[in-house]
Amino acid sequence: MKDSAPEKKPEPVLSARGLVKRYGHVTAIDGADFELLPGEVLAVIGDNGAGKTSLIKALTGALVPDAGEIRLHGEPIRFSGPLEARRHGIETVYQDLAVAPSMDIAANMFLGREIRRAGPLGTVFRMLDKKAMRRESADYMAALQIRLGSLGQAVETLSGGQRQAVAVARAAAWARSVVVMDEPTAALGVKESAQVLDLIRRVRDKGIPVILISHNMPHVFEIADRIHVHRLGRREALIKPADYSMAEVVAIMTGALSVTADGGTVVSDDEAASAAGVRRG
Ligand SMILES: Nc1ncnc2c1ncn2[C@@H]1O[C@H](COP(=O)(O)OP(=O)(O)OP(=O)(O)O)[C@@H](O)[C@H]1O
Ligand SMILES: [Mg+2]
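The structure displayed is predicted, hence computed values, not measured ones.

Enquirer: What exactly am I supposed to notice about the overall build of the chain here?
Expert: When its secondary structure is counted, the chain shows 10 helices and 12 strands. For the chain, the C-alpha radius of gyration of 21 Å lies close to 19 Å, the compact-globule estimate for 281 residues. Considering only C-alpha atoms, the chain reaches an extent of 70 × 60 × 40 Å along its principal axes. Taking contacts inside the chain between residues at least 6 apart in sequence as the whole, the part at least 24 apart equals 62%.

Below you can see the structure in the form of C-alpha cells.
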C-alpha cells in the first residue's frame, strides 16, 4: 500500500531567520528569512536596493548581522568573515568582484589556497608552485568548459565578462556546500551568459546547491528550481517558477501583488498591478 504521509521536507543546507542589518538610518536587512534546500538552484530576485546583496553578505560572512540566526546543515553558525564561510564550503562570487587584477588567472584560482613548492623552497621560502597551479587551473577550466586563453595572463588584461568567468570558475571549483553568485551574468554577453547558466547547472548536477541573484527574469525562469522574492529588506515570497508567470513574479517584486498563505495572489496595489499587466490570481 502506498504511504499517504506527506513527503518529508529535506533539511535545508543553509537557512536563516529574522536577520537584521542596519547602516545608520538605513535598514538593509529587515527581519529576513532564508532557506536553501539540497540540490536546488534558488534564485534571489528583487528591486535595486531591496537588500539582496546585504542578505547574501550576511549568509556568507561578509557582514555580521545585528540580529537573527543562520544555520548551516541545521546547526546554528556565526561566520567571523568570508574566509570562515569558505572553510565551511561556501564559495561566493560577489557583485563587487573579488579578483586580484594584477595576478594571473591561475593565481586567482588559487587565491588564499596557494600550492607551495616541495621541500624548503616551499616551506621555508614560501615559493609558489606556479606550474602545479596552472596545471590544476587548466583542469578545472576544461572540466567547466571555460576557455580563456593562457592561464598565465594577468586578470587585468581580461574583459569584465572574462574576469567574471574566473570568479565563477573559482567558486565552482572549490565549493563543497554552497555556491553563491551575485549577478554573475550582469556584465556578460549572450554567449558568456549562456555558459555561466550551463556552469550553474553543472554545479547543481555535482549535488551542490546554488544561490543565484539576478535581475534577468528569463534566466531566472530558465534555471531556478525556486525563487526567493526579496522586497524592502525581507523575503516577500518563496515560490516555484512553474506556479507563476513572469509578469506575476515582477508584480510580487514591486509590491503590486502579494502571495497568500495558500499560494494564491491578491492585488495589493491595483494601479501597479494593471500597469504590470496582471490580474487577481
Ligand atoms: N555598506 C553600506 N553602507 C550603507 N548603506 C548600505 C551599505 N550596503 C548597502 N547599503 C544600503 O542597504 C540597502 C540594500 O542594499 P543592497 O546592496 O543589499 O541591495 P541590492 O538588493 O543588492 O541592490 P542591487 O539590485 O542594486 O544590487 C540600500 O539602501 C543600500 O544603500
Ligand atoms: Mg546587489
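Enquirer: Can you help me understand the site of ligand 1 in this one?
Expert: Close to ligand 1 lie 12 residues; Tyr 23, Ala 28, Lys 52, Thr 53 and Ser 54 are nearest. If you list the elements that add at least two residues to the shell around ligand 1, you get β2 (26-36) and α1 (52-59). With three residues, α1 is the single largest residue contributor to the shell around ligand 1. Across the shell around ligand 1, the residue classes break down as four nonpolar, seven polar and one charged.

Enquirer: Even after reading the chapter, I still don't get the sheet that holds strand β6 (residues 90-93), so can you show me in this structure?
Expert: Backbone hydrogen bonds are what pair the strands of a sheet, in a parallel or an antiparallel way. The sheet built from six strands is open, its strands ordered β6-β7-β8-β3-β9-β10 with mixed pairing. Each end of this open sheet is capped by a strand with a single partner; those strands are β6 and β10 (234-239). Across this sheet, the average inter-strand angle for adjacent strands is 20°, counted without regard to direction. Where β6 lies against strand β7 (residues 178-182), four bridges are found, and the strand directions are parallel. From the neighbouring strand, Glu 91 faces β7, where its bridge partner is Val 179. Packing of helix α9 (residues 246-254) onto the sheet brings it into contact with β3 (41-45), β9 (226-231) and β10, and relative to β9 it is tilted by some 30°.

Enquirer: I tried to follow the pairing of strand β1 (residues 14-23) on my own but got confused; where do I start?
Expert: Pairing of β1 with β2, which is carried by eight bridges, proceeds in the antiparallel orientation. Among the inter-strand pairings, Leu 14 is bridged to a residue of β2, identified as Leu 36. Between β1 and the antiparallel strand that follows it, β2, lie two residues; Gly 24 among them carries a positive phi value of about 55°. Summarising the sheet, β1 and strand β4 (residues 67-72) pair through five bridges and their orientation is antiparallel. Directly across from Val 20, in β4, lies its bridge partner Ala 67.

Enquirer: Any chance you could explain α9 here in plain terms?
Expert: Each α-helix winds once per 3.6 residues, and so residues spaced three or four apart point in a common direction. By the burial criterion, the buried members of α9 are Glu 248, Val 249, Ala 251, Ile 252 and Met 253. Positive backbone phi, approximately 90°, marks Gly 255, located one or two places after α9.

Enquirer: Would you mind showing me how to read unusual backbone geometry here?
Expert: Leaving glycine out, the prevailing phi sign among residues is negative, and the prevailing peptide bond configuration is trans. Within the chain, Glu 183 stands out as a residue other than glycine whose phi angle is a positive 55°. Relative to the elements of secondary structure, Glu 183 occurs in the loop between β7 and α7 (190-205). With a phi close to 50°, Leu 232 is a non-glycine residue in the positive phi region. Structurally, Leu 232 can be placed in the loop between β9 and β10.

Enquirer: Got a minute to help me understand the environment of Gly 264 in this structure?
Expert: Within the element layout of this structure, Gly 264 appears in the loop between β11 (257-259) and β12 (265-267). C-beta crowding within 10 Å serves as the criterion here: with 12 such atoms nearby, Gly 264 is assigned to the exposed category. Distance in space between the C-alpha atoms of Gly 264 and Tyr 244 is 9.5 Å, their sequence separation being 20 residues.

Enquirer: Explain the nonpolar core here, please?
Expert: The nonpolar side chains of a soluble globular protein tend to be buried, and buried together. Of all hydrophobic cores here, the largest spans 75 residues; its most connected members are Val 168, Val 178, Val 179 and Leu 212. The greatest single-element share of this core, amounting to seven residues, is contributed by helix α6 (residues 160-174).

Enquirer: So what exactly am I meant to see when it comes to α1 here?
Expert: Taken across its eight residues, α1 has eight buried, putting it largely inside the fold. Among the residues making up α1, those that are buried are Lys 52, Thr 53, Ser 54, Leu 55, Ile 56, Lys 57, Ala 58 and Leu 59. Within two residues after α1, Gly 61 carries a phi angle of roughly 80°, on the positive side.

Enquirer: Help me understand the sheet that holds β4, please; the structure alone is not making it clear to me.
Expert: Pairing is antiparallel across the open sheet formed by four strands, whose spatial order is β2-β1-β4-β5. Two strands bound the open sheet, and with one partner strand each, they are β2 and β5 (75-76). Strand contacts of α1: β1, β2 and β4, with the helix running at about 60° to β2, the strand carrying the most contacts.

Calculation criteria
- Residues numbered from 1 in each chain as written.
- Chains lettered and ligands numbered in written order.
- Predicted model: local features only at pLDDT ≥ 70, side-chain atom pairs only at ≥ 80, totals over all residues.
- Helix = DSSP H or I, 4+ residues; strand = E, 2+ residues; numbered from the N terminus.
- Rg over C-alpha atoms; globule rule 2.2 N^0.38 Å.
- Contact = placed C-beta atoms within 7 Å.
- Near = placed C-beta within 6 Å.
- Nonpolar A, V, L, I, M, F, W, Y, C, P; charged D, E, K, R; others polar.
- Pairing = 2+ DSSP bridges.
- Axes fitted to C-alpha atoms, helices over the stretch in contact; angles between N-to-C directions.
- Buried ≥ 20, exposed ≤ 12 C-beta atoms within 10 Å, placed from the backbone.
- Core = buried A, V, L, I, M, F, W, Y, C linked by C-beta atoms within 7 Å.

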